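Here are the chains, one letter per residue:
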Amino acid sequence: METNRTAPTRRAFLLASGAAGAALALAGCASVGADAPVYDASALATQPSLMVATNRRAANGAQASPWFGAERGPLTIAKARLQPPDSSRFSLAAVGLSDWKLLGIDRVGQVDDLFRGVPTGRDLLLYVHGYNTTFETAALDAVKLSDGVSFRGASMLFSWPSRAKLLDYGYDRESVMWSRDSLDRVLDQLVVSPTVGRINIVAHSIGTMLTLEALRQVHARRGDDLVNRIGAIVFASPDIDMDVFVSSVGRIGRLADKITVVTATNDRALAVSRIIAGGVTRVGAAEKAQLEGVGIRVIDASTSGFGVINHDLFLSNEQIRGVIRRAIEEGTWGSTPAGSLPVSGGPVSAGPVSGGGYGGAGYAEPPRPPAASLQPY
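These numbers come from a predicted model, not from an experiment. Counting restarts for each chain, with residues numbered from 1 along the sequence as it is written. For a predicted model such as this one, the threshold for reporting local features is a pLDDT of at least 70, and the threshold for listing and counting side-chain atom pairs is 80 or more; totals across whole chains, interfaces and linings nevertheless cover every residue. To obtain the side-chain values, all non-hydrogen atoms of the structure were used and water was disregarded.

With respect to the sheet that holds strand 5 (residues 154-159)
For clarity, the threshold we go by: By definition, two strands form a pair when at least two bridges between them are found by DSSP. Put simply, DSSP H or I for four residues or longer makes a helix, DSSP E for two residues or longer makes a strand, and each gets a number counted from the N terminus. For helices, the fitted line uses only the C-alpha atoms of the stretch in contact; every axis is such a line through C-alpha atoms, and the angle between N-to-C directions lies from 0 to 180 degrees.
The mixed open sheet is built from nine strands, whose spatial order is 3-2-1-5-4-6-7-8-9. In this open sheet, the two strands that pair with only one neighbour each are strand 3 (101-108) and strand 9 (297-300). Neighbour-to-neighbour, the strand axes of the sheet open up by a mean angle of 25°, direction not taken into account. Pairing geometry for strand 8 (residues 259-263) and strand 9, over four bridges, is parallel.

Below you can see the structure in the form of structure tokens.
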């Protein structure tokens, strides 16, 4: 389950205060007018635009906040205009008190329209959010994810109609199942597009159930066309029944080899979800050995978080962001041995991300997958 991450906390205030003091101390050793250069920045840092696909019903004509509400509606394709945080040394962002903002929504006709003017073969990071999430929160989470892993391709959000209320888990779960065909349609159009490179997917919480079901449907229709287009699939804190997960993974063939699951046995949101689900283990809180027995790559983050919930470590924890980035690099380059990811021997390490790296010294354009031969349905 999701928690409201917008309200300030005492911990956040103390961390921001400490960061402010450190920033002022460091400023005394540097020239006042100079800003530190940004290395390995995400594409969003210079092109602040997020691709959007949503089957939420538009609110205020999608011209003002909340842009899209909790009601179910037709599939809308759009671009979200963003304002990045001020990156100067003495900005509020430097001490954690400023963040990305959503400025506006520009609708387009179809998925291909999103890629007009975009270089052919550009990779994509698609984010599917979890329970108890507004459209705006989901959009900003997608931005924070892409920026946090320094993704150099295009970023996209698929937002399904969540009520964004703590006690409306039942509505959200039904909305997830209702949204399978919409996400199926978006994925299908991405797969057959000649302008899209590798499609990397990060899904959170109950959004993993939606993603897995849609992938299963597309795989039944596209087979290797889908497998060849997918780079990495990361399921962060999956809120999905273990039996359902195992059954679905068994039906997607080689696509299962691309899955990385981030788990935490102390994920308290999933502990509540397990009670609601009749005591059935949720994948995101399962013991590592259970999932490794299915042949899935597992990252045990049980000791990586310091919060009381530990359900959104993919956004808040630098180590987990490093795991996601490494999985994307492996899927993009196709040259990193599977064993190089920290899939055994305890929690992830805090060491630097290995591999070619986005924008690093060893950068070389990866070979692009062939375009799918079939037409979108």
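Overview of the side chain of Asp 188
Keep this limit in mind: Polar contacts, as counted here, are pairs of nitrogen or oxygen atoms within 3.5 Å of one another; within protein the pair requires one atom able to donate a hydrogen and one able to accept it, and residues that are adjacent in sequence qualify only if both atoms are side-chain atoms.
With respect to the secondary-structure elements, Asp 188 resides in helix 4 (residues 180-192). One polar contact links Asp 188 to Arg 221, side chain to side chain, over a distance of 3.0 Å. Within the structure, Asp 188 has its side chain in polar contact with the side chain of Arg 222 (distance 2.8 Å).

Thoughts on the pattern of salt bridges
Going by this rule: What makes a salt bridge here is a side-chain nitrogen of Lys or Arg within 4 Å of a carboxyl oxygen of Asp or Glu, nothing more. We call a residue buried when its accessible area falls under 20% of the maximum for its residue type, exposed when it is over 50%, and partly exposed in between, using a 1.4 Å probe and counting protein chains only.
Summed over all chains, the structure comprises 13 salt bridges. For Asp 239, the salt bridge goes to Arg 282, with nearest N and O atoms at 2.9 Å. Within this pair, whereas Asp 239 is found in the loop between strand 7 (230-236) and helix 7 (242-249), its partner Arg 282 is found in the loop between helix 8 (268-276) and helix 9 (288-292), the two being separated by 43 residues in sequence. On the basis of relative accessibility, which here comes to 0%, the residue Asp 239 falls in the buried class.

Remarks on the nonpolar core
Counted only if it meets this: Take the buried residues of types Ala, Val, Leu, Ile, Met, Phe, Trp, Tyr and Cys, join any two whose side-chain atoms come within 4.5 Å, and each joined set is a nonpolar core. Two residues qualify as a contact provided that any one of their heavy atoms is within 4.5 Å of a heavy atom in the partner residue.
Among the nonpolar cores identified, the biggest contains 52 residues, and Phe 115, Leu 124, Met 156, Phe 158, Leu 190 and Phe 245 are the most heavily contacted of them. If you tally residues by element for this core, the top one is helix 5 (residues 207-222), at six residues. Residues contacting Phe 115, with those up to four places away along its chain left out, are Met 51, Leu 124, Leu 190, Thr 195 and Val 196. With 39 residues, the next largest nonpolar core counts Ala 142, Val 234, Ala 236 and Leu 315 among its residues.

Structural notes on the packing of aromatic side chains
As a reminder of what qualifies: Ring geometry is summarised as follows: Phe, Tyr and Trp rings, the Trp one being its six-membered ring, pair when their centres sit within 6.5 Å, and such pairs are stacked at plane angles under 30 degrees, edge-to-face over 60 and tilted between the two. Each ring is checked for a lysine NZ or an arginine CZ that lies within 6 Å of its centre and within 35 degrees of its normal; such an atom marks a charge sitting over the ring.
Enumeration over the complete set of coordinates arrives at four aromatic pairs. Ring centres of Tyr 131 and Tyr 169 lie 5.2 Å apart, and the angle between their planes is 75°; on these two criteria the pair is classed as edge-to-face. With Tyr 131 in the loop between strand 4 (122-128) and helix 2 (135-148) and Tyr 169 in helix 3 (residues 169-178), this residue pair connects regions lying 38 residues apart in the sequence. The pair Tyr 131 / Tyr 169 is uniform in exposure class, with both members buried. One Lys or Arg, Arg 72, reaches over the ring of Tyr 171 and ends 4.5 Å from the middle of that ring. The lysine or arginine in question, Arg 163, covers the ring of Tyr 171, its NZ or CZ lying 3.7 Å from the ring centre.

Digging into empty space enclosed by the protein
Put simply, the rule reads: For cavity detection a 1 Å grid was placed over the protein atoms alone, and a set of points counts as a cavity when a 1.4 Å probe fits there but cannot get out; an open set counts as a pocket when protein lies on both sides within 12 Å along at least five of seven lines, with lining residues being those that have an atom within 4 Å of a point. Grid points are joined across faces, edges and corners, and a volume is the space filled by probe spheres set on the points. Ten residue types, Ala, Val, Leu, Ile, Met, Phe, Trp, Tyr, Cys and Pro, are classed as nonpolar, four, Asp, Glu, Lys and Arg, as charged, and the remainder, Gly among them, as polar.
Across all of its chains, the model carries one cavity of 30 Å³ or more by this definition. Considering only enclosed or pocket space, the largest cavity measures out at about 40 Å³ in volume. Around the largest cavity sit Ala 236, Ser 237, Val 262, Thr 263, Ala 264, Asn 310, His 311, Asp 312, Leu 313 and Phe 314, which together line it. For the lining of the largest cavity, the secondary-structure elements that each account for two or more residues are strand 8 and helix 10 (313-316). Across the lining of the largest cavity, the residue classes tally to five nonpolar, four polar and one charged.

A short note on the pairing of strand 7
Taken across its seven residues, strand 7 has seven buried, putting it largely inside the fold. Relative to strand 7, strand 6 (residues 196-204) runs parallel, the two being bridged by five bridges. Along strand 7, the bridge assignment pairs Ile 201 with Ile 233. Where strand 7 and strand 8 come together, four bridges link them in parallel fashion.

Observations regarding unusual backbone geometry
In terms of backbone geometry, most residues other than glycine have negative phi values and most peptide bonds are trans. Between Ser 65 and Pro 66 the backbone carries a cis peptide bond, its omega angle lying at 15°. Looking at the element boundaries, Pro 66 is found in the loop between strand 1 (49-58) and strand 2 (68-83). Of note, the phi angle at Asn 60 is positive, near 55°, even though the residue is not glycine. Checked against the element boundaries, Asn 60 lands in the loop between strand 1 and strand 2. Classification of Asn 60 as exposed rests on a relative accessible area of 52%. Even without a glycine there, the phi angle at Ala 62 is positive, about 60°.

A few points about the confidence of the model for the protein chain
Heads up, the rule is: The pLDDT score gives, residue by residue, the confidence of the prediction method on a 0 to 100 scale.
Looking at the protein chain as a whole, its pLDDT mean stands at 79, while 73% of the residues score no less than 70. This stretch, residues 334-374, has a pLDDT under 50; its non-local contacts, to residues over four places away or in other chains, come to 86 contacts.

Describing the packing of helix 5 against helix 7
Quick reminder of the rule: Our angle categories are set so that under 35 degrees counts as roughly parallel, over 145 as roughly antiparallel, 65 to 115 as roughly perpendicular, and the remainder as oblique. Each helix crossing is assigned a hand: it is left-handed if the near helix lies turned anticlockwise from the far helix by less than a right angle, otherwise right-handed if that turn is clockwise.
Viewed as axis vectors pointing N to C, helix 5 and helix 7 meet at an angle of 25°, and their least axial separation amounts to 10 Å. In terms of orientation, helix 5 lies roughly parallel with respect to helix 7. Every pair of crossing elements has a handedness; the one defined by helix 5 and helix 7 is left-handed. Contacts between helix 5 and helix 7 involve Leu 212, Glu 213 and Arg 216 from the former and Phe 245, Ser 247 and Ser 248 from the latter. A per-class count over the contact of helix 5 with helix 7 returns two nonpolar, two polar and two charged.

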